[in-house]
Amino acid sequence: MKPNNFILIIILMLFNLNLFSQEPFKLGSPAPPINIYKWINKSPDTSSLNGKTIILEFWATWCRPCINTIPHLNDLVEKLANDSVIFISITKENPEKIESFLKVKEIKSFIAIDFNGTTNANYKINFIPRAFVIDSNGLIVWQGHPANLNEQILKFFIQKNHYKSKGNSEKK
């Protein structure tokens, strides 16, 4: 192999590693702010998101893996969503595109538009789909591909807080 080809391959490998790596948050760290441009199908009471468990999923209509996880997430919404558990699916696409998509494919979570990408930047989203579980103390307790999120994982974080709230020495 010519030295120039070898160097080119190394550069491409490094570029791909950087492009597709997802800088993880340390579990138990405070969740960044969630900035919503517009709610599409319905809107949670955003004034009372504090103290709730939030499942935050980043997705898009053009993303086949995102679309493939919709039935799985809809099932989790049906089983676990209530006044203290909120599912939010967030995208950077325009509202008209999402509304058109919803005529063909049902999404049972709250759907939010992050039109300017602020929340995507806050959560360091380099690829989608990507999901986070934020516990009632506002801490990130799980992150990964939404297909890997299951009922048992969610129940663990819903039934008891995995991390103690700041300044609270009692177990939850």
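Thresholds applied
Residues numbered from 1 in each chain as written. Predicted model: local features only at pLDDT ≥ 70, side-chain atom pairs only at ≥ 80, totals over all residues. Heavy atoms only, no water. Helix = DSSP H or I, 4+ residues; strand = E, 2+ residues; numbered from the N terminus. Contact = heavy atoms within 4.5 Å. Areas by Shrake-Rupley, 256 points an atom, 1.4 Å probe, with all protein chains shown as cover. Buried < 20%, exposed > 50% of the residue type's maximum accessible area, 1.4 Å probe, protein only. Pairing = 2+ DSSP bridges. Phe/Tyr/Trp six-rings, centres within 6.5 Å; stacked < 30°, edge-to-face > 60°. Lys NZ or Arg CZ within 6 Å of the ring centre and 35° of its normal. Core = buried A, V, L, I, M, F, W, Y, C linked by side-chain atoms within 4.5 Å. Disulfide = S-S within 2.5 Å.

S.K.: I tried to follow the overall build of the chain on my own but got confused; where do I start?
M.R.: Each helix and strand in the chain was counted, giving five helices and six strands. Element order for the chain, N to C, with α for helix and β for strand: α-β-β-α-β-α-β-α-β-β-α. Across the chain, contacts joining residues at least 24 apart in sequence account for 73% of those joining residues at least 6 apart. With the model as given, the accessible surface of the chain reaches about 9900 Å², and the carbon-plus-sulfur share is 55%.

S.K.: It is not clear to me how the pairing of strand E6 (residues 140-144) should be interpreted in this structure. Could you clarify?
M.R.: Remember that side chains alternate between the two faces of the sheet whenever the strand is regular. Burial analysis of E6 places five of its five residues in the buried class, which makes it a mostly covered element. Where strand E5 (residues 130-134) meets E6, four bridges bridge the pair, whose relative direction is antiparallel. Pairing of Ala-131 across the sheet is with Gly-144, part of E6. Here E5 folds back onto E6 in antiparallel fashion, the turn holding five residues, of which Gly-138 has a positive phi close to 80°.

S.K.: Please clarify how the environment of Pro-33 should be interpreted in this entry.
M.R.: With respect to the helices and strands, the residue Pro-33 is situated in the loop between helix H1 (3-20) and strand E1 (38-39). With 89 residues separating them along the chain, Pro-33 and Asn-122 place their C-alpha atoms 7.0 Å apart. In this structure, Pro-33 is in contact with Thr-119, Asn-122 and Tyr-123, ignoring residues within four places of it in sequence.

S.K.: What is the right way to read the packing of aromatic side chains from this model?
M.R.: Two descriptors summarise a pair of aromatic rings, namely the distance from one centre to the other and the angle between the planes of the rings. Under the criterion given, the structure shown has nine aromatic pairs. Centroid distance Tyr-37 to Phe-115: 5.2 Å. Interplanar angle 25°. Geometry classified as stacked. Of this pair, Tyr-37 sits in the loop between H1 and E1 while Phe-115 sits in the loop between strand E4 (110-113) and helix H4 (118-122), placing them 78 residues apart in sequence. Judged by its relative accessible area of 54%, Tyr-37 is exposed. A relative accessible area of 44% means that Phe-115 is categorised as partly exposed. Among the aromatic residues, those joined into a ring-pair cluster are Phe-25, Phe-58, Tyr-123 and Phe-132. Taking the ring centre of Phe-110 as reference, the NZ or CZ of Lys-42 above it sits at 5.4 Å.

S.K.: What exactly am I supposed to notice about unusual backbone geometry here?
M.R.: With the exception of glycine, the majority of residues adopt a negative phi angle, and the majority of peptide bonds are in the trans configuration. For the bond running from Ile-128 to Pro-129, omega is 0°, close enough to zero to count as cis. When you line up the elements, Pro-129 lands in the loop between H4 and E5. The phi dihedral of Lys-124 falls on the positive side, at around 55°, and the residue is not glycine. Looking at where Lys-124 falls in the secondary structure, it is placed in the loop between H4 and E5.

S.K.: What's the story with the nonpolar core in this structure? I'm lost.
M.R.: Note that soluble globular proteins tend to have their nonpolar side chains buried in a common cluster. One finds Ile-54, Leu-56, Phe-58, Ile-88, Tyr-123 and Phe-132 to be the most contacted residues of the largest nonpolar core, which totals 16 residues. At the level of secondary structure, the elements contributing two or more residues to this core comprise strand E2 (53-58), strand E3 (85-91), E4 and E5. In this view, Phe-58 contacts Cys-66, Ile-90, Thr-119, Asn-120, Tyr-123, Ile-125, Ile-128, Pro-129, Arg-130 and Phe-132; residues no more than four positions away in its chain are not counted. Leu-80, Val-85, Val-141 and Trp-142 belong to the second-largest nonpolar core, a separate cluster that totals 14 residues.

S.K.: I tried to follow the state of the cysteines on my own but got confused; where do I start?
M.R.: As used in these notes, a disulfide is a covalent bond between sulfur atoms, one from each of two cysteines. Tallying each qualifying case throughout the model produces one disulfide. Here Cys-63 connects covalently by a disulfide to Cys-66, the sulfurs 2.4 Å from one another. Since a negative S-S torsion denotes a left-handed disulfide, the Cys-63-Cys-66 link at about 75° is right-handed. By relative accessible area, which is 4% here, Cys-63 ends up buried.

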